[in-house]
Amino acid sequence: MGSLLQYVTSKLMEQSLDCFEKLSSTNQTNDLLYSIEEIFDEAIMKTVPNEKGVAFMVQDKFSVFSIDPTKSNVRGMKFFTKGGNNKLQEGNIYYDYITSNETVESFQANIDIDLDIATYFPDDLLYYTNPNNDPSFRIVFKIYNNDILFQPASITNPNQNVEDKVISISIPGFDSNFQEKYLPILFKVRGNHPGCYYWNYNSWVNAGIESSTNVSSFMFCKVNHLTPFTRITDVTKDVDK
């Protein structure tokens, strides 16, 4: 059932923008997105993980990964634009694990040139979200290969462009903010004036996100909640020069 739903979702993401822009005016795209998020949180929980505690469901346009940090030292995922250099591959997705010995400093210092998106749960955040070491605990990563399902009800800035993929991060059963803790996300930067944004099921916003581009060609973001995230460039700033 999960594979069929994933296939349908992947096909939805191949549809024209006009179709989803019409639906967004009545919030139907957000209703659809809510359903997709909930369905695949549940589906991936039923998928048997590998020896690393990682389960995956991969399609061309939409892929889902989950990690079980109670069974191994895997704390996050790296996604790449190309294979090689011992990267793992499922379908057209190139990836690798981030393990518990990673720190924010090492995370930024050892960046593969083909890295596209990476995120991981530091130990303090992992303990905060799973203080009792619940064996059913899972961290779920959904990779949307485009933003077709993320259509705002109204366009506030037509010069803002979503750059390629959207990564949604969730923990089934956990829906709180992290308070003083944060989740690090690294994005490859392709355009000018990039920013980290999250989807609030109405539009892309960046309130509460800290971001910097002090790492060459990469943007480092700190977020304090779980939701879909992406990188957005603003061509307005080029026009204003």
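Now for a description of the structure that goes with this document. As the structure is a prediction and not an experimental result, all values here were calculated from the model.

### Side note on the environment of Leu33
Here is step 1: Take Leu33: it is sitting in helix H3 (residues 28-45).
Here is step 2: Residues Leu33 and Leu149, spaced 116 residues apart in sequence, show a C-alpha to C-alpha distance of 6.7 Å.
Here is step 3: Residues within four places of Leu33 in sequence aside, it is in contact with Tyr144, Leu149, Phe150, Trp199 and Tyr201.

### Thoughts on the environment of Trp199
Here is step 1: Topologically, Trp199 is positioned in strand S11 (residues 194-199).
Here is step 2: Residue classification places Trp199 among the buried residues on the basis of a relative accessible area of 0%.
Here is step 3: For Trp199 and Thr227, which are 28 residues apart along the polypeptide, the C-alpha to C-alpha distance reads 6.6 Å.
Here is step 4: The contacts of Trp199, once residues within four sequence positions are left out, are Asn30, Leu33, Phe150, Gln151, Pro152, Trp204, Thr227 and Pro228.

### Focus: the packing of aromatic side chains
Here is step 1: In the structure shown here, the tally under the stated rule is 13 aromatic pairs.
Here is step 2: Where Tyr34 meets Tyr201, the ring centres are 4.1 Å apart and the plane angle is 10°; that geometry is what we call stacked. In this pair, Tyr34 is assigned in helix H3 and Tyr201 in the loop between S11 and strand S12 (204-205), connecting sequence segments 167 residues apart.
Here is step 3: We classify Tyr34 as partly exposed; its relative accessible area is 42%.
Here is step 4: Between Phe150 and Trp199 the ring centres are 5.7 Å apart and the planes differ by 90°, which places this aromatic pair in the edge-to-face class.

### Points about unusual backbone geometry
Here is step 1: Of note, Asn85 is a non-glycine position whose phi angle comes to about 55°, a positive value.
Here is step 2: Along the polypeptide, Asn85 turns up in the loop between strand S3 (74-80) and strand S4 (88-90).
Here is step 3: The phi torsion at Tyr201 lies on the positive side, around 65°, for a residue other than glycine.

### Section: the pairing of strand S2 (residues 62-67)
Here is step 1: Among the six residues that make up S2, six are buried, leaving the element largely enclosed by the rest of the structure.
Here is step 2: Burial along S2 is two-sided: Phe62, Val64 and Ser66 facing one way and Ser63, Phe65 and Ile67 facing the other are all buried.
Here is step 3: Of the pairings in the sheet, the one linking strand S1 (residues 54-58) to S2 comprises five bridges and is antiparallel in character. If you follow Phe56 over to S2, its bridge partner there is Phe65.
Here is step 4: Bridging between S2 and strand S7 (residues 139-144) involves six bridges; their strand directions are antiparallel.

Conventions used here
- Residues numbered from 1 in each chain as written.
- Predicted model: local features only at pLDDT ≥ 70, side-chain atom pairs only at ≥ 80, totals over all residues.
- Heavy atoms only, no water.
- Helix = DSSP H or I, 4+ residues; strand = E, 2+ residues; numbered from the N terminus.
- Contact = heavy atoms within 4.5 Å.
- Buried < 20%, exposed > 50% of the residue type's maximum accessible area, 1.4 Å probe, protein only.
- Phe/Tyr/Trp six-rings, centres within 6.5 Å; stacked < 30°, edge-to-face > 60°.
- Pairing = 2+ DSSP bridges.

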